[in-house]
Amino acid sequence: MPGGRLSQQERQEIATGLADGLAYAEIARALDRPTSTVTREVMRNGGPTSYRADLAHRATEHRAHRRKPAAPPSHEGATALPHGRDPEAVREYEELFTTVMIQSGLPKMMSRVMASLLTTDSGSLTAAELVQRLQVSPATISKSIAFLESQTLVRRERDERRRERYVIDDDLWYQSMLASAKALVQQVEVSRQGVAVLGPGTPAAARLENIARFLDYVAESLTRAAEQAREVLYTPPETP
């Protein structure tokens, strides 16, 4: 299996495969590359609908010229990873996860912090551990954690040494979905206030009422689906 950077010809083949509606795995097999390599390449360069081989190649060359040598991220504070994990495979997965989170709208550094927390067996890291792992400043970590807390994605707690730890809970996505539903309900309330202000029956008020009805339905459905999924799928961790 070839390694190293993708060539311009390989990027053109990726673009052709996307245009033909092929899955990432099919494109990867044709190139004799890991599926994660193709997925990361596409998501980093506009996604499946906007990917262009020439622009992707130029962007990669530009990043390579700007990149400075840096110490590799530390995983779990040791060179050897637990459970016999492949460090390179873990690094590639974290990069892929980060790229997907960025494409969903989460800022880059916050996405990197999320990837680090989610791929840590303990589900928690201190600020110092995140600084070492991501090779960034304490201020950057502090800002990222504050943002993630505001989105109900992480929480803080003190460990036995009184150090502040940042924690990913098992029901992370459940809490996140409830927070999203709450935000939608607030938009419903604001839209219906607009109906009263603009005058019921007017075109602008009718538009806001349609928005309110749509978001109200989505919020209710999201909450119900999250509750049902948690009840059916959530499995408490086994007690040692």
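Residues numbered from 1 in each chain as written. Predicted model: local features only at pLDDT ≥ 70, side-chain atom pairs only at ≥ 80, totals over all residues. Heavy atoms only, no water.

Asks: Would you mind showing me how to read the pairing of strand 3 (residues 164-167) here?
Replies: When strand 1 (residues 124-126) meets strand 3, the two strands line up antiparallel, connected through three bridges. Counted as the bridge partner of Thr126 is Arg165 from strand 3. Note that strand 2 (residues 155-158) and strand 3 share four bridges and pair antiparallel. Along strand 3, the bridge assignment pairs Glu157 with Arg165. (Pairing = 2+ DSSP bridges. Helix = DSSP H or I, 4+ residues; strand = E, 2+ residues; numbered from the N terminus.)

Asks: How should I be thinking about the nonpolar core in this particular structure?
Replies: As a rule of thumb, soluble globular proteins bury nonpolar side chains together. Ranked by size, the top nonpolar core spans 21 residues in total, and within it Val113, Met114, Leu130, Ile141 and Leu148 carry the most contacts. Contributing elements (two or more residues each) for this core: helix 5 (87-103), helix 6 (108-118), helix 7 (127-134) and helix 8 (138-150). At six residues, helix 6 tops the list of elements feeding residues into this core. Apart from residues lying up to four places away in sequence, Met114 is in contact with Met101, Leu106, Leu148, Leu153, Val154, Ile168, Leu172 and Trp173. Of all hydrophobic cores here, the second largest spans 12 residues; its members include Leu6, Ile14, Ala15 and Leu18. (Core = buried A, V, L, I, M, F, W, Y, C linked by side-chain atoms within 4.5 Å. Buried < 20%, exposed > 50% of the residue type's maximum accessible area, 1.4 Å probe, protein only. Contact = heavy atoms within 4.5 Å.)

Asks: What is the right way to read the sheet that holds strand 2 from this model?
Replies: Two orientations exist for strands paired in a sheet by backbone hydrogen bonds: parallel and antiparallel. Pairing is antiparallel across the open sheet formed by three strands, whose spatial order is 1-3-2. Two strands close off the open sheet at either side, each with one partner strand: strand 1 and strand 2. Across the sheet, the mean angle from the axis of one strand to that of its neighbour is 35 degrees, orientation sign disregarded. Strands strand 1 and strand 3 of the sheet are contacted by helix 7, whose axis makes an angle of about 90 degrees with strand 1. (Axes fitted to C-alpha atoms, helices over the stretch in contact; angles between N-to-C directions.)

Asks: When you look at helix 5 in this model, what are you seeing that I'm missing?
Replies: For an α-helix the count is 3.6 residues per turn, leaving residues at separations of three or four pointing the same way. With 17 residues, helix 5 ought to run about 24 Å at 1.5 Å a step, and its terminal C-alpha atoms sit 24 Å apart, in line with that. For helix 5, the secondary structure elements touched by its buried residues are helix 3 (35-44), helix 6, helix 7 and helix 9 (172-198). Between a side-chain oxygen at the N-terminus of helix 5 and the backbone nitrogen of Glu88 the separation is 3.0 Å; the capping residue is Asp86. Immediately beyond the C-terminal end of helix 5, within one or two residues, lies Gly105, with a positive phi of roughly 115 degrees. (Expected span 1.5 Å × (residues − 1). Polar contact = N/O pair within 3.5 Å; in protein donor to acceptor, adjacent residues only side chain to side chain.)

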